[in-house]
Amino acid sequence: MKFSFLGGAEEVGMAGILFDLPEYRFLLDYGFTPGKPPSFPKESPNIDFCLLTHAHVDHSGLIPWLSSARGPRIFATTMTQSITEILARDNLKVSKLEGYSLPFSEGDVASLRNYFEPIEYGEKFELGEIDVRGYSSGHIPGSTMFEINNGSRTLITGDMNTVDSMLVDGVKPIRCDNLFIESTYAGREHPNREELVKEFRDDVSDTIKRGGVAVIPAFAVARSQEVAMMLESLGVDVYLDGMSKRIATTFLSDGKFLRSVSKLKKALSQVKFVNNDSHRKKLLKNGGAVITTSGMLDGGPALFYIKHIKDDEKNSIFLTGYQVEGTNGRRLLDTGMIELDGDIGKPKCNVKFFDFSAHADHRALVKFIDECSPKNVVLYHGDKRELLAKDLSNYNVLLPKDGENYEIA
Ligand SMILES: [Zn+2]
Ligand SMILES: [Zn+2]
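Residue positions are given per chain, counted from 1 along the sequence in the order it is written. For naming, the first written chain is A and the first written ligand is 1, with later ones following in the order written. Given that the model is predicted, a residue must reach a pLDDT of at least 70 before its local features are reported, and side-chain atom pairs must reach 80 or more before they are shown or counted; all residues, however, enter totals for whole chains, interfaces and linings.

Secondary structure is summarised from DSSP: a helix means a run of H or I of at least four residues, a strand means a run of E of at least two, and numbering begins at the N terminus for each. A count of helical and extended segments in the chain gives 13 helices and 22 strands. The globule rule used here is 2.2 Å times the number of residues to the 0.38 power, and the radius of gyration it is set against is calculated over C-alpha atoms. The C-alpha atoms of the chain give 21 Å as radius of gyration, which agrees with the globular expectation for 409 residues (22 Å, within 12%). With the C-alpha coordinates of the chain rotated into their principal frame, the extents come out at 65 × 45 × 40 Å. For the chain, the proportion of its 409 residues judged to be buried stands at 47%. Put simply, 68% of the contacts in the chain that link residues at least 6 apart link residues at least 24 apart. Any residue whose C-beta has 12 or fewer other C-beta atoms within 10 Å is treated as exposed, any with 20 or more as buried, and any in between as partly exposed, C-beta atoms being built from the backbone. Note on contacts: each residue gets a C-beta atom placed from the backbone, and two residues are in contact if those atoms are within 7 Å.

Spatially, S6-S5-S4-S3-S2-S1-S22 is the arrangement adopted by the 7 strands of the open sheet, whose pairing is mixed. Whereas interior strands pair on both sides, the edge strands pair on one side only; in this sheet they are strand S6 (116-118) and strand S22 (405-407). For this sheet, the mean inter-axis angle between neighbouring strands, taken without regard to orientation, is 25°. Alignment of strand S4 (residues 49-51) against strand S5 (residues 73-76), held across 3 bridges, turns out to be parallel. If you follow Phe49 over to S5, its bridge partner there is Arg73. Think of it this way: DSSP has to see at least two bridges between two strands before they count as a pair. In this description, a line fitted to the C-alpha atoms serves as the axis of each element, helices being fitted only across the stretch in contact, and the angle between N-to-C directions of two axes falls anywhere from 0 to 180 degrees.

Read across the sheet, 7 strands follow the order S7-S8-S9-S10-S11-S20-S21 without closing on themselves; strand pairing throughout is mixed. Looking at strand neighbours, the two that pair on one side only are strand S7 (124-127) and strand S21 (396-398), the edges of this open sheet. Each strand of the sheet is rotated relative to its neighbour by a mean of 20°, with strand direction disregarded. Where strand S20 (residues 376-380) meets S21, 3 bridges bridge the pair, whose relative direction is parallel. When the sheet's bridge partners are listed, Val378 is paired in S21 with Leu398. Where helix H12 (residues 362-372) meets the sheet, its contacts fall on strand S10 (153-156), strand S11 (178-182) and S20, and the angle it forms with S11 comes to roughly 165°.

This next bit is on unusual backbone geometry. Across the junction of Lys36 and Pro37, the peptide omega takes the value 0°, indicating a cis bond. Here the amide bond leading from Thr293 into Ser294 is cis, since omega sits at 0°, within 30 degrees of zero. Position of Ser294 among the secondary structure elements: in the loop between strand S15 (288-292) and helix H10 (301-309). One non-glycine residue, Leu297, adopts positive backbone phi at about 60°. Checked against the element boundaries, Leu297 lands in the loop between S15 and H10.

This part takes up the nonpolar core. Any nonpolar core is a set of buried residues, restricted to Ala, Val, Leu, Ile, Met, Phe, Trp, Tyr and Cys, that join up through C-beta atoms within 7 Å. Counting residues in hydrophobic clusters, the biggest one holds 112 residues, and the most contacted among them are Leu179, Val215, Ile216, Ala228, Ala289, Val290 and Ile291. With 5 residues, the top contributor of residues to this core is H10. For every domain, the bounds stem from an assignment made automatically or drawn from a database. Taken together, domain 1 (2-188 + 358-407) and domain 2 (194-353) each give at least three residues to this core, which thus spans both. Dropping the residues within four chain positions of it, Ala289 is found in contact with Val204, Ile208, Ala214, Ile216, Leu231, Val236 and Val238.

Turning our attention to H10. When we look at burial in H10, the residues that qualify are Pro301, Ala302, Leu303, Tyr305, Ile306 and Ile309. Taken together, the buried residues of H10 touch strand S12 (213-217), strand S13 (238-241), helix H9 (277-286), S15, strand S16 (316-319) and strand S17 (338-340).

For strand S1 (residues 2-7) and S22, the ladder comprises 3 bridges, and the chain directions are antiparallel. Across the sheet, the residue bridging to Phe3 is Tyr406, located in S22. Direction of pairing for S1 relative to strand S2 (residues 16-20): antiparallel, over a ladder of 5 bridges. Directly across from Lys2, in S2, lies its bridge partner Asp20.

Next up on the list: the domain arrangement of the chain. Along its sequence, the chain is carved into domain 1 (2-188 + 358-407) and domain 2 (194-353). Just the C-alpha atoms count here: the centres of domain 1 and domain 2 sit 28 Å apart. Listed as interface residues are 26 residues of domain 1 and, on the opposing side, 20 residues of domain 2.

In this section: the packing of helix H6 (residues 223-230) against helix H8 (residues 261-269). Running from N to C, H6 and H8 cross one another at 75°; their axes reach a closest spacing of 8 Å. Considering their axes alone, H6 and H8 lie roughly perpendicular with respect to each other. Across from Gln225, Ala228 and Met229 in H6, the residues of H8 making contact are Lys263, Leu264, Ala267 and Leu268. Amino acids outside the nonpolar list (Ala, Val, Leu, Ile, Met, Phe, Trp, Tyr, Cys, Pro) and the charged list (Asp, Glu, Lys, Arg) are all regarded as polar, and Gly is one of them. Per-class residue counts for the contact of H6 with H8 are 5 nonpolar, 1 polar and 1 charged. Roughly parallel means an angle under 35 degrees; roughly antiparallel, over 145; roughly perpendicular, 65 to 115; everything else is oblique.

For the rest of this paragraph, the subject is helix H5 (residues 193-209). A helix is expected to span 1.5 Å for every residue after the first. End to end, H5 covers 24 Å across 17 residues, agreeing with the expected 24 Å (1.5 Å per residue, within 8%). Those residues of H5 that sit buried are Phe200, Val204, Thr207 and Ile208. Buried residues of H5, seen end-on, are gathered within an arc of 95° and therefore sit on one face of the element. Those residues of H5 that are exposed and angled more than 90 degrees off the buried face are Glu194, Glu195, Lys198, Asp202 and Lys209. Each element contacted by the buried residues of H5 is listed here: S12, H6, S15 and S16. A positive phi of about 90° marks Gly211, the residue just after H5. Note that the arc is defined by the directions from the helix axis to the C-beta atoms.

Our next topic: the environment of Leu102. Here Leu102 is to be found in the loop between helix H3 (78-98) and helix H4 (106-110). Discounting chain neighbours no more than four positions away, the residues touching Leu102 are Asn91, Leu92 and Ser95.

This is the structure we're talking about:
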């Protein structure tokens, strides 16, 4: 099997793996790394089809370009299709606001559905001599790990989580010959999830009891809705702002991708949706917890709130997700400084990070690999892959670089 990475081998971002089989050339994911401006992978050549693991922008961001420029069939769950479309429209909106251009148009997004083909978890679909199956990867609703059979069995995880989250069950291992596995958390372990949720609830509650506002930046897809579930029945006012409202409705419209429709419904019934600045100002005055985009503080209503709350010690900013290198959120974590309207300064309010990851940690990755028992392991989507490779001496491990060609037997 020949393959190369158009991007995303050595970093958490802009995924795109090009596979060259004797009969077919296909792409797995095609995204960009958000930023001002974003970073793009290498241009995709003509392909026969594309497998799309999930809707996060670093995996799906360039799918509208791919469909209009190359016209392949794109296989993904219906949930991934819906969210990819929503995010693509939002990306265009943000690019106009920020003054950079993206290589696709509204029209390209509108015609995406002509290229999408739905897949069902566990059901085989045949592409000539090869057959393919998708399984839940436990990362977000609709996220998929692909198994490809063409004589040998190859498993490509996409972003994956082995632990059950409030929204989806953890991924299950599958025996294979070749395993392509994400490595976001190579070298790091997550804290105990239950204890962390308890600590988070206590911290939100404390902030509000002392008369403060808790601003909770969270990714629009999955993290925001999960945080709303974590804060259920806390007895404080919880608000949801930004694109997460739309995503929550999309999750509920296709309930088979959720662990529990009723639990998400219940949590959302206790949340107030925020739609405009006057509502935002009112909630800042009254206090409460607001879950808001963007999760990495590179735009969205989160910055509006932070501008208003940052200079008062009784308020809090609670970061809830992975902060990519180069983002405003990463700067806040690493240096305590934040950029607002071009000025960089240190907020006086309480700032805390909660590691609510949707990715398997180091220990879970090693266990998953052992249970898949492959011959070849290809580590990608990580910037500390060598730390994981050290624990994989039983396997032929590859740490590919973007743009280079590889072959595994
Ligand atoms: Zn993801
Ligand atoms: Zn990713």
